[in-house]
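A closer look at the structure
The primary structure of each chain is shown beneath.
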Amino acid sequence: MNGDSFTRFVANFVDELARKGVEHVVISPGSRSTPLAILMCEHPMLKTYVNIDERSAGFFAIGLAKSIKKPVALLCTSGTAAANYYPAVVEAYYSRVPLLVLTADRPHELRDIGAPQVIDQIQLYGKYPKWFVDVAIPEENEGILRYVRTIAGRAVGIAMTKPAGVVHLNFPFREPLVPNLKIENLWGTYENRQEYLSTTIGTQTVNSLQLQAIIEVIKGTQNGLIVCGDQQDSTYKQQVIQLSASLKYPILADPLSQLRTGHKENGIIDCYDTLLKDPEIAEKLKPDVIIRFGAMPVSKPLTTLLRNNPQITQIVIDPSGSYRDTTLNASHIVLCEEATFCETLVKSIEEKAMTPFYQIWLKCHELHRTLLKQALLPITDLFEGKIVNEIQRVLPSESRLMIGNSMPIRDIDTYFRNTPKKIDLYCNRGANGIDGTNSTALGLSVDRSKPTFLLVGDLSFYHDLNGLLAAKVNQLDLTIILINNDGGGIFSFLPQSNEERHFETLFGTPIGLDFSKAVDMYGGEFHSMTSWDQFHQYFSEEWENHGLKVIEIKTDRKSRVKVHRDLLYHVSQEIKKAVFS
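This text gives an overview of the structure that appears in the document. Being a predicted model, the structure only gives us computed values, none of them experimental. (Residues numbered from 1 in each chain as written. Predicted model: local features only at pLDDT ≥ 70, side-chain atom pairs only at ≥ 80, totals over all residues. Heavy atoms only, no water.)

Structural notes on the overall build of the protein chain
How we decide: By the criteria applied, helices consist of DSSP H or I runs no shorter than four residues and strands consist of E runs no shorter than two, each listed in order from the N terminus. Only the C-alpha atoms count toward the radius of gyration. The rule for a globule is 2.2 Å times the residue count to the power 0.38. Burial status follows relative accessibility: with a 1.4 Å probe on protein chains alone, a residue under 20% of its type maximum counts as buried, one over 50% as exposed, and anything between as partly exposed. The charge count includes Lys and Arg as positive and Asp and Glu as negative, but it does not include His or the ends of the chains. Charge positions come from single atoms, namely NZ of Lys, CZ of Arg, CG of Asp or CD of Glu.
Looking only at helices and strands, the protein chain features 22 helices and 18 strands. Taken over the C-alpha trace, the protein chain has a radius of gyration of 26 Å; the compact-globule value for 581 residues is 25 Å, and the two agree within 12%. Summarising its shape, the C-alpha atoms of the protein chain cover approximately 85 × 60 × 45 Å along the three principal directions. Buried positions account for 58% of the 581 residues belonging to the protein chain. Once the 60 positive and 66 negative side-chain charges of the protein chain are each reduced to a mean point, those two points are 4 Å apart.

Some points on helix H11 (residues 300-308)
To keep it simple, the criterion reads: Contacts were defined at the residue level, with two residues in contact if any of their heavy atoms lie within 4.5 Å. Polar contact is the term for a pair of N or O atoms within 3.5 Å; when the atoms are in protein, one must be able to donate a hydrogen and the other to accept it, and sequence-neighboring residues count only if both atoms are side-chain atoms.
Every buried residue of H11 is accounted for by Pro 301, Leu 302, Thr 303, Leu 305 and Leu 306. Residues of H11 that are buried make contact with strand S7 (224-228), strand S8 (251-253), helix H9 (272-277), helix H10 (279-284), strand S10 (289-293) and strand S11 (313-317). The residue sitting at the N-terminus of H11 and contributing the capping side-chain oxygen is Ser 299; that oxygen lies 3.2 Å from the backbone nitrogen of Leu 302.

Thoughts on the environment of Val 135
For Val 135, the position within the fold is in the loop between strand S5 (129-134) and helix H6 (142-160). With relative accessibility at 0%, the residue Val 135 sits in the buried group. For the pair Val 135 and Lys 47, spaced 88 residues apart in sequence, the C-alpha separation works out to 24 Å. For Val 135, the residues in contact, after removing those within four places along its chain, are Phe 9, Tyr 147, Leu 169, Asn 170, Phe 171 and Pro 172.

Quick look at the state of the cysteines
Just so we agree on the cut-off: Whenever a pair of cysteine sulfur atoms sits within 2.5 Å, that pair is classed as a disulfide.
Evaluated as defined, the whole model comprises zero disulfides. Cys 342 takes part in no disulfide bond, and the closest cysteine sulfur to it belongs to Cys 228, at a distance of 7.7 Å. Classification of Cys 342 as buried rests on a relative accessible area of 1%.

Side note on the side chain of Asp 424
Its place among the elements puts Asp 424 in strand S14 (residues 423-426). In terms of polar contacts, Asp 424 uses its side chain to reach the side chain of Lys 422, at 2.3 Å. In this structure Asp 424 touches Gln 258, Ser 399, Arg 400, Leu 401 and Lys 450, once residues within four positions along its chain are discounted.

Concerning the pairing of strand S13 (residues 399-403)
In summary, the side chains of a regular strand alternate between the two faces of the sheet. The condition that has to hold: Any two strands with at least two DSSP-identified bridges between them are counted as paired. Looking down the strands as they point away from you, a crossover is right-handed if its path from the first strand over the helix to the second goes clockwise.
Most of S13 is tucked away: five of the five residues are buried. Note: S13 against S14, four bridges, orientation parallel. Looking across to S14, one finds that Met 402 is bridged to Tyr 426. Assessed by its sense of winding, the connection that carries the chain from S13 through helix H15 (residues 407-415) to S14 is right-handed. Where S13 meets strand S15 (residues 452-457), four bridges bridge the pair, whose relative direction is parallel. Bridge assignment links Ile 403 to a residue of S15, and that residue is Leu 455.

Focus on the pattern of salt bridges
Filter applied, for reference: Each salt bridge in this description consists of a side-chain nitrogen of Lys or Arg and a carboxyl oxygen of Asp or Glu lying within 4 Å of one another.
Taken as a whole and judged by the stated rule, the model has 29 salt bridges. A salt bridge links Asp 105 to Arg 111; the nearest nitrogen and oxygen atoms lie 3.1 Å apart. In the salt-bridge network here, residues are joined through shared partners; they are Asp 15, Glu 16, Arg 19 and Arg 149.

Observations regarding the sheet that holds S10
Judged by pairing direction, the sheet is parallel, and its six strands sit side by side in the order S9-S8-S7-S10-S11-S12 without closing on themselves. The two strands at the open ends of the sheet, each matched to only one other strand, are strand S9 (268-269) and strand S12 (330-334). In the sheet, S7 pairs with S8 via three bridges, with the strands oriented parallel. By the bridge assignment, Ile 226 is partnered in S8 with Ile 251.

Let's talk about the nonpolar core
How we decide: Joining through side-chain atoms within 4.5 Å is the link that ties buried Ala, Val, Leu, Ile, Met, Phe, Trp, Tyr and Cys residues into a set, and such a set is a nonpolar core.
Counting 59 residues, the largest nonpolar core has Trp 361, Leu 401 and Leu 567 as its most contacted members. Among the elements that make up this core, the one with the highest residue count is helix H13 (residues 356-376) (seven residues). Setting aside its immediate chain neighbours within four residues, Leu 567 contacts Leu 372, Ala 375, Leu 376, Ile 379, Phe 383 and Tyr 415. Of all hydrophobic cores here, the second largest spans 49 residues; its members include Leu 64, Ile 480, Val 519 and Val 550.

Considering helix H14 (residues 384-394)
Extensive coverage of H14 is indicated by the burial of eight of its 11 residues. Burial in H14 covers these residues: Glu 384, Gly 385, Lys 386, Ile 387, Val 388, Glu 390, Ile 391 and Gln 392.

Concerning the sheet that holds strand S3 (residues 72-76)
Strand pairing in a sheet relies on backbone hydrogen bonds. The paired strands run either parallel or antiparallel. The line we're drawing: Axis lines are fitted through C-alpha atoms, for helices just across the contact stretch, and the angle between N-to-C directions can take any value from 0 to 180 degrees.
Ordered in space as S2-S1-S3-S4-S6-S5, the six strands form an open sheet in which the pairing is parallel. Two strands close off the open sheet at either side, each with one partner strand: strand S2 (47-50) and S5. On average, each strand axis in the sheet is tilted by 20 degrees relative to the strand beside it, whichever way the strands run. As defined by bridge partners, strand S4 (residues 99-105) adjoins strand S6 (residues 166-172) across seven bridges and the pair is classed as parallel. Note that in S6 the partner of Ala 104 across the bridge is Phe 171.

A closer look at the packing of H14 against helix H21 (residues 532-541)
Applied cut-off: Roughly parallel means an angle under 35 degrees; roughly antiparallel, over 145; roughly perpendicular, 65 to 115; everything else is oblique. Note on convention: near helix rotated counterclockwise from far helix by under a right angle means a left-handed crossing. Clockwise means right-handed. Put simply, Ala, Val, Leu, Ile, Met, Phe, Trp, Tyr, Cys and Pro go in the nonpolar bin, Asp, Glu, Lys and Arg in the charged bin, and everything else, Gly too, in the polar bin.
Contact pair H14 / H21: the axes reach a minimum separation of 11 Å and the direction vectors enclose 25 degrees. Regarding the angle of H14 to H21, the classification is roughly parallel. Helix-helix and strand crossings are classified by hand; for H14 and H21 the assignment is right-handed. Contact residues: Lys 386, Ile 387, Glu 390, Ile 391, Arg 393 and Val 394 in H14; Trp 532, Phe 535, His 536 and Phe 539 in H21. Looking at side-chain class alone, the contact of H14 with H21 contains six nonpolar, one polar and three charged residues.

Structural notes on unusual backbone geometry
In this model, Lys 162 is joined to Pro 163 through a cis peptide bond whose omega is -5 degrees. Mapped onto the elements of the fold, Pro 163 is located in the loop between H6 and S6. Positive phi values are uncommon outside glycine, yet Asp 112 reaches one of about 60 degrees. Its location among the elements puts Asp 112 in the loop between S4 and S5. A residue is classified by how much of its surface remains accessible, and Asp 112, at 81% relative accessible area, is exposed. The residue Gln 475 is not glycine, and still its phi comes out positive at about 50 degrees. Within the fold, Gln 475 resides in the loop between helix H18 (469-474) and strand S16 (478-484). According to the relative accessible area criterion, Gln 475 is exposed, its value standing at 64%.

Any functional reading would require information that these geometric values do not contain.
Shown next, in the form of structure tokens:
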């Protein structure tokens, strides 16, 4: 096959991606992927980003896709380069992020014969992709060009269909690999269509029989809650608030539900994790029915309450129909768009009167806000909980905050309160891993319409140091608040902390690194904060500087457990005395 025909094959694929709305491509450099890489850089409608480390590239693409809410293409060469995308593929699968993973491969005659840089890339990512294709070898005919445009169209449509996820396309290429950019009508097609294959994604509505069954449950009970977990699509926000007002069901809002920011209170509870830690309070606040949207929340006490009380009727709304209930107690899975379900239920049931259960939840919420503020005020040490509280104060409205796993997301759950500021919160809670955190934040920062911040622990930061190169190469702006307690702080809260003999080696894992040198290597600014005055001065004067900025706050890993537990115990005991005694 001549070079022009080969070029047309790849160009038709690349062009169809652009026609289908793909705008961004993350490229991990390599030889076998040359035709795709060059033509993607050449296409006028595609923006490309080069990320040398494939693991970092994968998470950079995840952050970018989360930010723009569209599929992002991810390209690498053959061999173990493709294997390094695996963690990101897993995260995208569980977080429902649309990714198009494009791996170049040796042609069939070079497979399984000991040729260099060849591994088995067929179904490389197992069950995690929604669709896998070992793309045909290019041929010189109109049919093969229609084929490759169809592959592109199907890939985008499948990646976006709920639940959004990963599509893996494997491209076997024969040499020579360099495309001919001078051929006439490079992006041309034989068909006069805006898109070769248009994909229409419909809206799921609630079944009338199931709706009636749910209405009967609600009519037969008085004490209900709405639980909202991780949900990047916040288009249902106003509808779920209206449902709460109509049913008089308080909303327990996980920080990743996007319901703690950008509005007034509206019956949204942000302190349930603290309240439900106390068995007596949990018993008093136990509902009869729960309507749940999104993934399971971060809160372990809430999960424990739902798992240990199978008599609570759980109604899970999920337009994809996937089963996401770690309690194994859900009685209804409703395949319906969240906003549609809320609107339909509000229209189908009479508005309820105010209930004592609703009022108690609101009273606990207000007391918790006051008591926590009072408890944090005299703390002068750089305590992680107060760091979250102060971050919420200094972050501008219309910003986004990426949150690391382990302790940062749990501290956000506990200390990040409802706010009228519009702050979008993100975290890789699909697989709950610490890999790729810096890269995900940098992917989010590609959208410059809002400033991007990252709250991360020292181990997660270290785990993705390579990802910082993307800030330098792509001239991105990111402010990182690095909580450095020299180790894995979350393990101090777990039973392993009682095994003193091996705890530090296996779980505490202090690394004792001077991160300023790494930040300097990647061309960033590094600031070490030792007081609240320094912290506030930086955010009032310097945070708007362009580029990579790392704000390190050193904390005491060994003392924080006691401070945290004593503080929350005090708050819960005061609430118990004021509300339940």
